[in-house]
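Coordinates in review
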Amino acid sequence: MATRANDFALKIGTVNGTGSASANGLLMQSIFRMGVPVSGKNVFPSNIQGLPTWYEIRVNAAGHVARTRRFDLVVAMNPETYARDIGELATGGWLLYDSSWPLARELKRSDVNFVGVPFAEMCVKRFKGGRKRILMKNIVCTGVVAALLGIDFEIIRTLLEETFGEKKRHLLEANFTAIDLGFDYAAQRFDCPLPIRIEAMEANRDSVLIDGNTAAALGCIYAGATVAAWYPITPSTSLIEAFTAYCHRLRVDEASGKLKVAIIQAEDELASAGMVVGAGWAGARAFTSTSGAGISLMTEFIGLAYYAEVPCVFFDIERVGPSTGMPTRTQQGDILMCAYASHGDTKHICLYPKDPAECFDFAVRAFDLAERFQTPVFVLSDLDIGMNDWVIPRLRWEDGYRPDRGKVLDAAALEGMDAFYRFMDVDGDGIPYRTLPGVHPKGAYFTRGSGHDKYGKYTEDEEEYQEVLDRIAVKIDGAADAVPAPEIRLHPDAGYGLVTIGGCDGGVREAIERFAEEGVHFDYMRIRGFPFSEEVAKFIEAREVNIVVEQNRDAQLLSLLALEAGVDKGRLVSVRRYGGLPLSASGVMDSVRELLGLPAGAAPAGIAEDSKGPAEETPSGAPDSVEVGA
Amino acid sequence: MATRANDFALKIGTVNGTGSASANGLLMQSIFRMGVPVSGKNVFPSNIQGLPTWYEIRVNAAGHVARTRRFDLVVAMNPETYARDIGELATGGWLLYDSSWPLARELKRSDVNFVGVPFAEMCVKRFKGGRKRILMKNIVCTGVVAALLGIDFEIIRTLLEETFGEKKRHLLEANFTAIDLGFDYAAQRFDCPLPIRIEAMEANRDSVLIDGNTAAALGCIYAGATVAAWYPITPSTSLIEAFTAYCHRLRVDEASGKLKVAIIQAEDELASAGMVVGAGWAGARAFTSTSGAGISLMTEFIGLAYYAEVPCVFFDIERVGPSTGMPTRTQQGDILMCAYASHGDTKHICLYPKDPAECFDFAVRAFDLAERFQTPVFVLSDLDIGMNDWVIPRLRWEDGYRPDRGKVLDAAALEGMDAFYRFMDVDGDGIPYRTLPGVHPKGAYFTRGSGHDKYGKYTEDEEEYQEVLDRIAVKIDGAADAVPAPEIRLHPDAGYGLVTIGGCDGGVREAIERFAEEGVHFDYMRIRGFPFSEEVAKFIEAREVNIVVEQNRDAQLLSLLALEAGVDKGRLVSVRRYGGLPLSASGVMDSVRELLGLPAGAAPAGIAEDSKGPAEETPSGAPDSVEVGA
Amino acid sequence: MTHIAKPRVFHPGLEKNEIGLTQRDYEGVVSTLCAGCGHDSVTGALVEAAWELALPTHRVAKMSGIGCSSKTTAYFMSQSHGFNSVHGRMPSVASGANAANRDLVYIGVSGDGDSLSIGLGQLCHAMRRNLNLLYLIENNGVYGLTKGQFSASADVGAKSKRGVPNEQPPIDPVLLALSLGATFAARGFSGDRKQLVPIIKAGIRHPGLALVDVISPCVTFNDHVGSTKSYAYTRERFRTAVEAAFLEPKDFVPSADEITAELEPGGVRDVRMHDGSFVRFRQTGDDYDPTDRDGVYSYVRERVEAGEVPTGLLFIDPESRDLHEVLGTVERPLVDIPFTELCPGAEALDSVMESYR
Amino acid sequence: MTHIAKPRVFHPGLEKNEIGLTQRDYEGVVSTLCAGCGHDSVTGALVEAAWELALPTHRVAKMSGIGCSSKTTAYFMSQSHGFNSVHGRMPSVASGANAANRDLVYIGVSGDGDSLSIGLGQLCHAMRRNLNLLYLIENNGVYGLTKGQFSASADVGAKSKRGVPNEQPPIDPVLLALSLGATFAARGFSGDRKQLVPIIKAGIRHPGLALVDVISPCVTFNDHVGSTKSYAYTRERFRTAVEAAFLEPKDFVPSADEITAELEPGGVRDVRMHDGSFVRFRQTGDDYDPTDRDGVYSYVRERVEAGEVPTGLLFIDPESRDLHEVLGTVERPLVDIPFTELCPGAEALDSVMESYR
Ligand SMILES: Cc1ncc(C[n+]2csc(CCOP(=O)(O)OP(=O)(O)O)c2C)c(N)n1
Ligand SMILES: Cc1ncc(C[n+]2csc(CCOP(=O)(O)OP(=O)(O)O)c2C)c(N)n1
Ligand code: SF4
Ligand code: SF4
Ligand SMILES: [Mg+2]
Ligand SMILES: [Mg+2]
C-alpha cells in the first residue's frame with residue numbers, strides 16, 4: 001500500500017474506567033504537537049466502569065474533522081468488542097490487538113493486516129499490582145501506536161513530563177517505562193512507521209486543542225457572568241466544572257481571596273432556572289447549563305422569563321432524546337423545543353455554535369443579546385461539540401469589548417424622570433426600559449408573569465394585555481439581525497443548496513468538497529441564529545432545491561425554516577442522521593446521492609469510508625466495495 | 001323600536017363574591033326552560049371577592065352561541081364599572097341600574113334608555129343583615145329583568161324550589177320575596193316586556209345546559225377511567241371536581257360502599273403527570289386535567305410516556321398565556337406545545353373539542369386512542385368551553401360501547417408464547433404488543449426512558465435505537481385516520497375556505513352565515529384532531545385562500561397545518577383573536593373583511609354588534625354606526 | 001392585584017421614622033383580597049416592621065410565588081421592586097436575586113400551598129442554603145386562590161367547608177425547618193400583630209433564611225367550625241412558647257436577669273445578632289431555650305400533640321452563616337462589580353490558551 | 001444497564017423456596033456498576049429477601065428513578081416488571097401504579113440525589129400519602145452516575161474526592177420520615193446484609209411506605225479518607241439501635257420476655273403486622289421503643305450528633321393506613337374491575353342529564 005501520511009483514521013476500543021482516556025489524550029495531543037490537523041471523538045457508555053468504550057482519531061492534513069465510519073488502524077484492547085471493531089476496519093487496514101491470548105479464528109479477515117502485541121504479558125512482567133498493570137497497558141499500547149505511526153517520541157515524553165512533572169515523579173517513571181516498552185517492542189518487530197503515518201507539519205502553530213464546554217465556560221467568564229446555577233447532567237456538567245475551575249483562577253479578589261462569582265449547584269433544573277431568572281432580574285449576567293431533560297423541566301420558568309422580560313442565558317448541550325435517551329450520544333433534537341419553549345405564545349432567541357471557537361464567541365454574544373432584548377437566550381451545543389477535543393484557532397480576546405447591557409436606567413437617569421414605566425415601547429423597537437432593584441425608588445416596579453399593561457400594572461383587559469404581548473413579538477423579531485448571520489459559501493456552478501446547523505458543519509463541508517471532486521457542486525449555508533435574518537430566506541428562495549442536513553428524526557431545523565423563514569417549504573428537502581454518533585461526510589453523501597439520484601462515485605484516495613449507515617437513508621443497493629479506500 | 005323576540009344580548013355587571021353567580025344562573029336556566037336557545041359567558045376576575053365581574057347572556061332563536069360585543073340590555077350593578085358597561089350598550093338599548101343613588105351626569109347617553117330601580121333601598125327596607133341584603137339584591141334584580149324580558153315567572157319559582165327545596169325553606173322564602181319584589185316593581189312601573197323579549201319556543205326539548213368540564217368528566221367516567229391525578233389550576237379544576245362528585249354517585253361499590261376509582265390530589269403537576277404515567281403503565285385508564293402552566297411542568301414526563309409508550313390522557317383546559325397570564329380568560333395558546341411537548345423528537349395525538357358535547361365524546365375517544373396507540377393523548381379544551389354553560393343535545397350513551405384496549409396480551413396469550421418482546425413491530429403498523437404487570441411471568445419486561453432496542457433491552461447502538469424511534473414515528477402517523485375527522489361544510493359558490501378549531505366554531509360559523517346574507521360564501525373546515533388526516537390536506541389544497549381563524553398570537557394552528565398537513569403554506573392566511581374573551585362573529589368578520597378587502601356590509605337586523613375590537617386587526621376606518629342593530 | 005393607587009392624602013400627624021418616612025410610604029396598592037383575610041393583617045405587620053426598621057424602600061426586594069398570599073407583595077412597599085414569580089418557585093428566584101445582589105433586604109411571602117405542596121423541595125433546599133431572606137408563609141391550610149382545596153399543612157381531622165376530613169399528616173414548616181438545619185424558625189398568627197412585628201424585624205435582620213410560619217385564616221374557605229386554621233380555633237389553641245423583643249443596638253440595655261443562667265418564668269435572655277442588634281427572649285412559664293434545636297423540636301411536637309398552636313420566635317441559631325459565606329463570594333454585591341474587574345482580559349486568555357497547546 | 005443474560009446453569013444444589021423458586025429465579029441481568037459498589041450488595045439483599053418471602057416474581061413491580069442506584073432494578077428479578085422512570089420522580093410513578101393495582105408488591109429503589117435533591121418534594125408527599133411501597137434509598141452522599149458531586153445527604157465537613165468540604169446541612173431521610181409522619185423508617189448499611197434482609201422483608205410486608213435508608217458507598221467517588229459515606233467510616237461509626245427479626249405467622253412463637261414491659265438489654269418485643277406476621281425487636285443496650293415516633297427522633301438526633309450512624313428498623317407504626325384506605329377505594333385492584341362494572345350505562349346518564357335541564 002502506498003504511504004498515506006497525515007490522512008487516515010484510527011480507532012481504539014477499550015473498557016471504560018481503565019485509564020484509557022488519558023492514554024488516548026496523550027496520542028491526540030502528540031499528533032497535535034506535531035502540527036498535524038487532528039480530531040478525536042470519544043464514544044463512551046452511560047456508565048462509570050467496566051463497559052466498552054471507544055476513541056476515534058482522525059488525522060487529516062486538509063483539516064477535515066468530521067467523523068469517519070471506517071478505520072485504517074483499529075486498536076482492539078477489549079475482547080468483548082473484537083468482532084465489531086474488526087468489522088469497522090477498512091480493507092488493507094491494520095488491526096492491533098493483545099496477542100497474550102490467541103485471536104479467535106472466526107475473527108480473522110483476509111483483507112486486513114493483524115498486528116499482535118502481548119500487552120498483558122509485557123505488563124505482568126514489568127509492573128506490580130493489578131490496577132497498575134491495567135493502567136500501564138494503555139500507555140504501552142500508546143507506545144506501540146506511536147512507533148507504528150511514526151510519532152515523534154520526544155514530544156510524547158515531553159507531554160508526559162508536563163502532565164506528571166516533579167510532584168508525581170514515580171508516576172512519570174512508570175509511564176516512561178511503559179511508553180518505551182511499547183515503542184521499542186514495535187520498533188524492533190514491525191517495519192515502522194506504517195504506510196499510514198504522521199509527518200510533522202506546521203498547521204497548528206496558531207491553534208489550540210480544546211472542547212466546546214471549556215470554551216463556552218471561558219466565554220461566560222469573559223462576558224462577565226457572575227451567577228451560574230446548575231444541576232449535573234451529561235453532557236453539560238463539564239461546562240460548569242470548567243467555569244468553576246477558571247473562576248477560581250481568574251475571578252478571585254486579590255485582597256480578600258474571595259470569589260467574584262456565585263456558582264450554585266441547585267437541587268434540580270427547575271431551581272437552577274429560577275435562580276438564573278432571579279439573578280437576571282437583579283441585574284447579574286446569569287446562566288445555566290443543562291441538556292434536553294433539563295430544558296423540559298425549565299419550560300415553565302422560560303415562559304416567565306419571556307413574558308416578564310428577564311435576561312438570562314441557557315446552554316443546552318444536546319444529547320440523544322427523547323426522555324433519558326442515550327445520555328452519552330450526540331443529537332440535535334431540541335431545536336424546536338428551545339425555539340418555542342413554554343405554554344402560550346412564546347418565541348426565543350437561539351444560537352447554534354459549530355465548534356468550540358463559536359462556543360466561546362456565542363457565549364459572549366448570548367449575554368449581550370439576552371440583556372439587549374431582555375429575554376432568555378439559548379445556546380444549543382451538543383455532546384460532540386461540548387465534550388470532544390477540537391483543533392481550533394487559538395481563542396483571542398478584544399480588550400475593547402464592553403458588554404451590551406441594553407436599556408438599563410441608572411440612578412441618575414431615573415432621578416431625572418417624572419415617572420418610569422417598565423413595559424412601554426418608548427423607542428418603537430419593541431424594547432422597553434429596565435431598572436434594577438436597589439438603584440432608585442423611582443425605578444421600582446412590580447414584575448409578574450400574570451397579565452400586565454405597559455405600565456406594569458396588573459390587567460385582565462384584552463387590549464392592555466395584547467398591547468404588551470404584541471410588543472414583545474416585535475421585540476423578538478427585531479433580534480433577527482442581531483443574532484450571528486448565517487455562514488454562506490457559494491460555488492459558481494452550484495446546482496443545489498446545502499443547509500445545515502451546528503456540528504454538522506464539518507461533515508457537510510467535507511461532503512461538498514468531495515462532491516466537487518466528482519464535479520457536483522453545492523452552495524452552503526449554515527444557520528447560526530434564530531430568529532432568521534433576511535439572508536436565510538434569500539438563500540433558500542434563490543434555489544429550487546435546498547437540502548437541509550441535521551441530526552434529529554423529525555427534521556426540526558427544516559420545520560423551523562418552513563415556519564419562520566417565510567420560505568416555500570417545497571424548496572426544502574431533508575437529510576437526517578440521528579443515531580447518536582457525530583455526522584460523517586460519507587453519511588451525508590449517501591443520503592444526498594439518494595435524494596438527487598447521483599451515481600455512487602468512487603471516494604477520493606485516502607478517505608477510508610463505507611456506505612453502511614442508518615438503513616432508511618442508505619441506497620440499499622450500494623455495493624460495499626464502492627467507498628472502500630484504495 | 002320594533003319588538004325583537006329571542007334575538008338579543010344582555011350583560012350583567014356586578015362584584016364577585018356577592019352571590020351574583022347563582023342569580024345569573026337562574027336567569028340563564030329560566031330562558032333555557034322556556035325552550036329558547038341561549039348561551040352565557042362568565043367574565044370573571046382572577047380573585048375571590050370584591051372585583052368587577054360580568055355575565056353575558058345571548059338569546060338567539062337561530063341558535064347562534066358566539067359572544068357578542070354589544071348589548072341590548074346592560075344591568076349595571078357595579079358603580080365601579082358603570083362607564084365601561086354603558087359604553088357597551090347598543091344604540092336603542094336599555095340600561096338597568098340601581099337608582100338608590102343618582103347616576104352621574106357624564107354617564108348619560110342620549111341614544112339609550114335608562115331604567116332605574118332602587119335595588120339597595122328596596123333590600124334595606126325588606127331584608128335584615130348586610131350579607132343577606134347583598135345576596136338578595138341580585139335576586140330582586142333577576143325579578144326585574146324577568147319582568148322586562150317577559151320571562152315566565154312560574155318557571156323561575158319552580159327553579160328556586162328545585163334549588164332550595166324543603167331543606168332550605170327559609171332561603172326559599174327569602175328568594176321568593178326578592179323575586180316578587182323585583183318583578184312587581186318592574187311590572188308596575190315599566191311597560192313590560194320590552195321590545196327585546198323572550199317568547200317561549202320548543203328548541204330545547206332534547207337539549208341540556210351544561211359546561212364542558214362536567215361533560216368531559218362524565219366522558220372519563222363512561223370511558224372507564226379509574227385513576228385521576230390532579231393539581232388545582234383554573235380553569236381545569238372543575239373538571240376533576242365534577243369527576244369526583246359523579247364518581248361518588250356512579251362509581252360506588254354497593255356491597256362495600258367504597259369507590260371504584262382513585263382520585264389523587266397531587267402535590268404539583270409533575271407528580272400528577274407521573275401518577276397517570278404510572279397508572280397507565282399498570283393498566284388503568286388514567287388521566288389528569290390541567291392548564292398551560294401544568295403542561296409546561298409535565299413536559300419531561302410527557303416525553304417519557306411517548307418514548308416508553310405508556311397510554312395516558314391529558315386534558316389541557318387552556319387559559320391565556322404566557323406564564324401565569326390571565327387565569328380567568330380564554331385562549332388557544334397551547335396548540336404547538338401539546339403537539340410537540342418534550343425534548344428530543346416527539347409528536348403527540350391531540351383532540352380539539354368545540355363544545356361540551358364533544359368534550360364528552362372526545363374524552364371517551366382519548367382513552368381509546370391512548371391505549372390503541374400506547375402514547376399520551378391531549379384533549380385541548382379551553383376556559384370558555386370548559387367553564388361556561390352551553391346548550392347542547394342531551395348526552396347519550398351507547399351501551400354497546402366497549403373500550404379499545406389496544407394490543408394488550410393477557411395471561412392466556414402469554415402462556416402460549418415462547419417469548420414476548422415489548423417493542424417489536426409485529427403487525428407492521430408500528431404498534432407493538434403490551435403486557436401489564438402482575439399478569440404473567442412471561443410478560444415481564446423492563447420499561448425505560450433510556451435507549452432501548454425492540455426487545456426492550458438497554459442499548460446505545462445507533463441502529464437499534466433508530467429502529468425503535470422510527471417505528472414510533474410510524475405509529476403516531478398512523479393515528480391520523482383514527483382521530484376525529486375534520487368537520488367540513490361546503491357551499492357551492494364558496495370562494496374561500498375558512499379553517500378553524502375548537503371553540504371558534506360558533507363565531508366562525510355565524511360569520512359565514514352573515515357573510516352569506518351579503519352574498520359572500522365560504523367553505524368551512526374545523527380541525528378536530530392531530531395528526532392531520534388526508535381530508536385536511538385535500539380541503540386546503542383545493543382552495544387558493546384558506547383563512548385560519550384561531551385564538552392565539554402566533555397562528556399556532558396555521559403553523560401546525562403548514563408543518564404537518566403537507567400543504568403549501570401560501571394557501572393559508574391568518575386571523576387571530578387572543579385578548580382572552582370568547583370569539584365573536586363580528587370580530588371574525590372584521591378581520592376577514594380586512595383580509596379580503598370586502599366592504600363593511602350592513603349587519604342583518606337583530607344582531608347588535610359593533611366593529612370595535614383588537615386594534616391591529618380592525619379596519620380603523622369602519623364607521624361606528626355600520627354594525628349597530630336597527 | 002388590580003392596581004388602584006391609594007389617595008395619598010397628606011396627614012400632618014403621620015409619624016416619621018429615622019429616614020423621614022411615614023408608614024404610608026411603606027404601603028402598597030389597595031388589597032383585592034377578601035374582606036377579613038388574614039393575609040391583609042400580615043401585610044399590615046410587614047408595613048409596621050419595615051417602617052420601624054426604617055428600611056430604605058428601594059433597597060428592599062419583595063419576592064413571591066402564586067396564590068392569594070403571594071399576591072400580597074403588591075400590597076406593601078410600592079416603592080420597592082417586587083417579583084411575583086411562578087407557583088412554588090419563589091425560593092429559587094430569591095436565591096438567584098440574592099446571589100446577584102447580597103445587599104438588598106429580601107422579603108419573601110408565600111402560602112402553604114405555594115411552599116409546602118408544589119414548592120416543598122425548593123423551600124427545603126433554600127433553608128439548607130440559608131440564603132439571607134425573610135421567608136413568610138401565610139398559612140391557612142388551603143389553596144385559597146383555587147377555592148379551598150386542602151394544602152399540605154391541613155391537619156389530620158380538619159374538616160373542609162363541605163365537611164370532608166383530611167387524613168394525611170400535615171407538614172409543620174417549623175418542625176421541617178428545625179430538622180433540615182434552618183437557622184431561624186418562628187410561628188405567628190395574623191391575629192396577633194404585637195407578637196408578629198418583632199419576629200418579622202428579627203427575621204429581616206437575621207443573616208440567613210428566617211422562616212416565619214404565620215397562621216393566616218382564609219375567611220372564605222377555611223374559617224368554619226371544624227377547621228383547624230380558623231380564627232376561633234387558633235385563638236383558642238394559641239400558646240406563646242417564648243416572648244421575643246427586637247432591640248436595636250442603640251436601644252439595648254443589658255438586662256438585670258442576664259446573669260441568671262436559669263431561665264425561670266419571666267427570666268430574660270438576650271441573643272446578639274451579627275449586626276449588633278439583639279433579640280430579647282422572655283420566658284412565659286415553660287423553661288425554654290430558643291437556641292436548642294432539639295429541645296425546641298421536642299417542645300413543639302409535644303405542644304402540637306397536645307392540640308395547641310405553639311408560637312413565638314421559636315428557634316434562632318446565633319452562628320448562622322448565610323449562602324455567601326458558604327460560597328465564599330466577595331462582600332461587594334456582584335452586580336456592583338464593574339465589568340473591567342470581571343473580565344480577565346486578553347493576556348490572561350492567552351496564558352490560558354497555552355495549556356491547550 | 002446493558003443486558004447480558006446470565007448463564008442459567010442448572011445447580012441441583014440450589015435451594016428452593018415455598019413456591020419452588022431458587023435465588024437464581026430472583027436475580028436480574030449482570031450488573032454494570034463499578035466493582036465493589038455498595039448498590040450491588042443491596043441488590044443481593046433484595047434477592048435474598050424476595051426469595052425468603054417467596055414472592056411470586058410476576059406479582060412484583062420494580063420502580064426507580066435515574067442514577068446508578070436506580071439502574072439496579074434491572075439487576076434483580078428479571079421475571080418482574082420494572083419501570084426505570086425519570087430522575088427524582090419515582091414516587092409519583094409508583095403512586096399511580098399502586099393506585100391502579102394495589103395487589104402488587106412495589107419495590108422502589110432510588111438514590112440520595114434522586115430522592116433528596118431533585119426528588120425531595122415527591123418523596124415527602126409520597127410518605128404523607130403512605131402508599132404501600134418499599135422505598136429503598138441507596139445513599140452514598142454523591143451523584144455517582146454524574147461523577148461524584150455532593151448530594152443533599154452529604155454531611156457537613158465531608159470532603160469530596162478533590163478535598164473540598166461540604167458546608168450545607170445534610171438531609172437525613174430517617175429524620176425527615178419521622179417528622180413527616182411516615183409509618184416505617186429504617187437505616188441499613190450495604191456492608192451488613194444480615195441486618196438489611198429482615199428490614200427489607202418487614203418493609204415489603206408493611207402496609208404503607210417503608211422508608212429504608214441504606215448507606216451504600218460509592219467506591220469510585222466517595223469511598224476515600226474524609227468521606228463520611230465510605231465503607232471504613234460507616235463501619236467505624238455504625239451503631240445498631242435495635243435488632244429486628246421478621247417472623248412469618250407460622251414461625252411465630254410468643255417469646256418469654258414478651259411480658260416484660262421494661263425493655264432491658266436483650267429484652268424482646270414483638271410488633272404484629274396487619275397480615276399476621278411479626279417483627280421481633282431485641283434491645284441492644286439502649287432502652288429503645290421503635291413505636292415511639294418522638295423518642296426515636298430524639299435518639300437518632302443524639303446519636304448522629306455524637307458522630308454515629310444509628311441503624312436498624314428504627315420506627316414502625318403498627319396502625320399504618322395506606323393510600324387506599326385513605327382514598328376509600330375498593331379492595332379489588334382497579335385494573336381487575338371489568339368495564340361493565342365501571343361504566344354506569346345509558347340509563348344512568350339519562351338521569352344525570354335530567355339535572356341539566
Ligand atoms: C403551575 C401552577 N399550578 C397551579 C396553579 C394554580 N394555583 C394558583 S394559586 C394556587 C394555590 C395557592 O395556595 P396557597 O399557596 O396556600 O395560597 P393562598 O391562596 O391559600 O394564600 C394554585 C394551585 C398555578 N398558578 N400554577
Ligand atoms: C432531569 C435530569 N437531570 C439530571 C440528570 C442527570 N443525572 C443522572 S443520575 C443523577 C444523579 C444520581 O445520583 P443518585 O440518585 O444519588 O444516584 P447514584 O448514582 O449516586 O447511585 C443525575 C443528576 C437526569 N438524568 N435527569
Ligand atoms: S380566598 Fe381566602 S386566602 Fe384568598 S383572599 Fe379570600 S380569604 Fe384570603
Ligand atoms: S459510580 Fe459509584 S455509585 Fe455508581 S456504580 Fe460506581 S461505585 Fe456505584
Ligand atoms: Mg393557603
Ligand atoms: Mg448517590
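Conventions adopted
- Residues numbered from 1 in each chain as written.
- Chains lettered and ligands numbered in written order.
- Predicted model: local features only at pLDDT ≥ 70, side-chain atom pairs only at ≥ 80, totals over all residues.
- Heavy atoms only, no water.
- Near = heavy atom within 4 Å.
- Polar contact = N/O pair within 3.5 Å; in protein donor to acceptor, adjacent residues only side chain to side chain.
- Areas by Shrake-Rupley, 256 points an atom, 1.4 Å probe, with all protein chains shown as cover.
- Helix = DSSP H or I, 4+ residues; strand = E, 2+ residues; numbered from the N terminus.
- Nonpolar A, V, L, I, M, F, W, Y, C, P; charged D, E, K, R; others polar.
- Contact = heavy atoms within 4.5 Å.
- Pairing = 2+ DSSP bridges.
- Axes fitted to C-alpha atoms, helices over the stretch in contact; angles between N-to-C directions.
- Phe/Tyr/Trp six-rings, centres within 6.5 Å; stacked < 30°, edge-to-face > 60°.
- Buried < 20%, exposed > 50% of the residue type's maximum accessible area, 1.4 Å probe, protein only.
- Buried area = accessible area lost by both parts, 1.4 Å probe.
- Salt bridge = Lys/Arg side-chain N within 4 Å of Asp/Glu carboxyl O.
- Donors = N, O, S within 2.8 Å, 3.2 Å for Na, K, Ca; no water.
- pLDDT = per-residue confidence, 0-100.
- Expected span 1.5 Å × (residues − 1).

Some words on the site of ligand 2
In the vicinity of ligand 2 there are 23 residues, among which A:E269, D:S69, D:D112, D:D114 and D:G144 approach most closely. Around ligand 2 the close residues trace back to chains A, B and D. Within the contact set of ligand 2, an oxygen atom lies 2.8 Å away from a side-chain nitrogen or oxygen of D:S69. At 2.8 Å, a backbone N or O of D:G113 approaches an oxygen atom of ligand 2. Bound to the protein, ligand 2 loses 98% of the 590 Å² it would expose on its own. Where the shell around ligand 2 is concerned, the elements lending two or more residues are α10 (292-308) of chain A together with α2 (68-71), α4 (112-117) and β5 (142-143) of chain D. Residues of the shell around ligand 2, tallied by class, amount to 10 nonpolar, nine polar and four charged.

Observations concerning the site of ligand 3
Neighbouring ligand 3 are B:I48, C:L33, C:C34, C:C37, C:H39, C:C68, C:N140, C:G144, C:C218, C:V219, C:T220 and C:F221. Neighbouring residues of ligand 3 are distributed over chains B and C. Considered class by class, the residues forming the shell around ligand 3 number eight nonpolar, four polar and no charged.

Section: the environment of B:V408
Residue and element names in this part refer to chain B. Among the secondary structure elements, V408 is positioned in the loop between β16 (389-393) and α14 (411-415). A C-alpha to C-alpha distance of 51 Å links V408 and L595, two positions 187 residues apart in sequence. If we skip the residues at most four places from it in the chain, V408 touches R434 and L436.

Details of the sheet that holds strand β7 (residues 113-117) of chain A
Residues and elements named next belong to chain A. If you walk across this open sheet you meet the six strands as β3-β4-β2-β5-β6-β7, and the pairing is mixed. In this open sheet, the two edge strands, each paired with only one partner strand, are β3 (38-43) and β7. Each neighbouring strand pair of the sheet contributes to a mean axis angle of 15 degrees, computed without reference to strand direction. Bridge count between strand β6 (residues 89-98) and β7: five bridges; the pairing is parallel. Residue L95 lies in a different strand from β7, and its bridge partner there is F114. Along the sheet, helix α4 (residues 130-149) makes contact with β2 (7-15), β5 (71-76), β6 and β7, crossing β6 at roughly 140 degrees.

A word on the packing of aromatic side chains
Enumeration according to the criterion identifies 49 aromatic pairs over all chains in this entry. Between B:Y401 and D:F339 the ring centres are 5.6 Å apart and the planes differ by 65 degrees, which places this aromatic pair in the edge-to-face class. Here B:Y401 is found in the loop between β16 and α14, whereas its partner D:F339 is found in helix α11 (residues 339-342) on a different chain. Across the pair, exposure class does not vary: B:Y401 and D:F339 are buried alike. Seen in terms of ring centroids, B:F423 and B:Y445 are 6.3 Å apart; in terms of plane orientation they differ by 85 degrees. Their pairing is edge-to-face. Taken together, the residues span a long stretch of sequence, with B:F423 in the loop between α14 and β17 (446-448) and B:Y445 in the loop between α14 and β17 at a distance of 22 residues. B:Y445 sits in the buried class, given a relative accessible area of 9%.

Topic: the interface of chain A and chain D
The partner chain D presents 25 residues to the 19 residues of chain A that form the contact. Roughly 1,500 Å² is buried in total at the junction of chain A and chain D, and carbon and sulfur atoms are behind 54% of that figure. Of all residues in chain A, A:I48, A:Q49 and A:Y231 bury the most surface against chain D, accounting for 35% of the area lost on that side. At the junction of chain A and chain D, the tally comes to zero salt bridges.

Notes on the interface of chain C and chain A
Of the residues lining the interface, 61 residues belong to chain C; the matching set on chain A comes to 74 residues. For the chain C and chain A pair, buried surface summed over both sides reaches about 5,400 Å², with 65% attributable to carbon and sulfur atoms. When residues of chain C are sorted by the area they lose upon contact with chain A, C:H81, C:Y356 and C:R357 head the list and together hold 16% of the total. Linking chain C to chain A there are four salt bridges. The salt bridge partner of C:E331 is A:K258, with a shortest N-O separation of 3.4 Å. Inspection of the chain C/chain A interface yields 25 residue pairs in polar contact (both at pLDDT 80 or more).

Side note on the coordination of the magnesium ion (ligand 5)
Six octahedral donors around a metal ideally sit at 90 or 180 degrees from one another, while four tetrahedral donors ideally sit at 109.5 degrees. Residue and element names in this part refer to chain C. Summarising the metal site, the magnesium ion (ligand 5) is bound by the protein donors D112 (OD), N140 (OD1) and V142 (O), whose distances to it range over 2.1 to 2.2 Å. Along the chain, the residues that donate to the magnesium ion (ligand 5) are spaced as D-x27-N-x1-V. Side by side, N140 and V142 carry an identical accessibility label, which is buried.

Some thoughts on the coordination of the magnesium ion (ligand 6)
Residues and elements named next belong to chain D. At the metal site, the magnesium ion (ligand 6) is ligated by D112 (OD), N140 (OD1) and V142 (O), and these contacts range over 2.1 Å. Counting along the primary sequence, the residues that act as donors to the magnesium ion (ligand 6) give the motif D-x27-N-x1-V. Pair noted here: D112 is in helix α4 and V142 is in strand β5, with a separation of 30 residues, a long-range link. Owing to a relative accessible area of 2%, D112 belongs among the buried residues under this scheme.

A look at the confidence of the model for chain C
Residue and element names in this part refer to chain C. On average, chain C scores 93 in pLDDT, and the residues at 70 or more come to 93%. Confidence drops under a pLDDT of 50 for residues 258-263, and excluding neighbours within four residues, the segment shows nine contacts in the predicted structure. Our summary of model confidence lists the complex with pTM equal to 0.96 and ipTM equal to 0.96.

Overview of helix α15 (residues 462-477) of chain A
Residue and element names in this part refer to chain A. Counted at 1.5 Å a residue, the expected span for α15 with its 16 residues is 22 Å, and the 22 Å between its end C-alpha atoms agrees. Restricting attention to buried positions, one finds in α15 the residues Y465, Q466, V468, L469, R471, I472, A473, K475 and I476. Where α15 begins, the capping side chain belongs to D461, and its oxygen is found 2.9 Å from the backbone nitrogen of E463.

Describing the pattern of salt bridges
The tally for this structure, following the rule as stated, stands at 130 salt bridges over all chains. One salt bridge connects A:R571 with A:E541, and the closest N-O pair in it is separated by 2.9 Å. One end of the pair, A:R571, is in the loop between α18 (556-564) and β23 (572-576); the other, A:E541, is in helix α17 (residues 534-541), and 30 residues separate them in sequence. For B:E371, the salt bridge goes to B:R434, with nearest N and O atoms at 3.2 Å. One end of the pair, B:E371, is in helix α12 (residues 356-373); the other, B:R434, is in the loop between α14 and β17, and 63 residues separate them in sequence. Given a relative accessible area of 2%, B:E371 falls into the buried group. Taken together, the salt bridges that share partners define one network made up of A:K354, A:E358, A:E487, A:R489, A:D505, A:R509, A:R526 and A:R528.

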